[in-house]
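Results of the structural survey
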Amino acid sequence: MIFELMLTVAAVIAISRMAETDRGEGLKWGGITLGLCILTLFIPIFPFIRVMVAIGIAFGLMTFTKKTFY
């Protein structure tokens, strides 16, 4: 449980830093990632996979909602 909490903190920091450098919306996407990590606690699968699912959903949403394409 402690390692999963550390992974959640790392995931929130990573996604918020990516969003901050890309669009300047780090706080918003960090909050979304934290919410997704908390929601995935109720999924009865392995702990590491739960955090990876939350990261994948947050990253997918972040790239899907991106307004500008290079």
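Above this note sits the structure.
First things first, this report covers the structure right here in the doc. Computed from a prediction, not measured in an experiment: that's the story for all the values here. (Residues numbered from 1 in each chain as written. Predicted model: local features only at pLDDT ≥ 70, side-chain atom pairs only at ≥ 80, totals over all residues. Heavy atoms only, no water.)

**Description of the overall build of the protein**
Looking only at helices and strands, the protein has 3 helices and 0 strands in total. Along the protein, helices and strands appear, N-terminal first, in the series α-α-α. Projected onto its principal axes, the C-alpha coordinates of the protein cover approximately 40 × 20 × 15 Å. Buried residues in the protein amount to 29% of all 70 residues. Accessible surface for the protein amounts to roughly 4,900 Å². Of this, 79% is attributable to carbon and sulfur atoms. (Helix = DSSP H or I, 4+ residues; strand = E, 2+ residues; numbered from the N terminus. Buried < 20%, exposed > 50% of the residue type's maximum accessible area, 1.4 Å probe, protein only. Areas by Shrake-Rupley, 256 points an atom, 1.4 Å probe, with all protein chains shown as cover.)

**Quick look at the side chain of Ser-16**
Take Ser-16: it is sitting in helix H1 (residues 2-22). A residue is classified by how much of its surface remains accessible, and Ser-16, at 17% relative accessible area, is buried. Of the polar contacts made by the side chain of Ser-16, one reaches the backbone oxygen of Ile-13; its length is 3.0 Å. Ignoring sequence-local partners within four residues, the contact set of Ser-16 consists of Gly-26 and Gly-30. (Polar contact = N/O pair within 3.5 Å; in protein donor to acceptor, adjacent residues only side chain to side chain. Contact = heavy atoms within 4.5 Å.)

**Section: the pattern of salt bridges**
Within the structure shown, the criterion is met by 2 salt bridges. A salt bridge links Glu-4 to Arg-50, with the shortest nitrogen-to-oxygen separation between them at 3.0 Å. Placement of the pair is Glu-4 in helix H1 and Arg-50 in helix H3 (residues 47-64), with a sequence separation of 46 residues. Across the salt bridge formed by Lys-28 and Glu-25, the nearest N and O atoms sit 3.5 Å from each other. For Lys-28, a relative accessible area of 46% translates into the label partly exposed. A residue is classified by how much of its surface remains accessible, and Glu-25, at 28% relative accessible area, is partly exposed. (Salt bridge = Lys/Arg side-chain N within 4 Å of Asp/Glu carboxyl O.)

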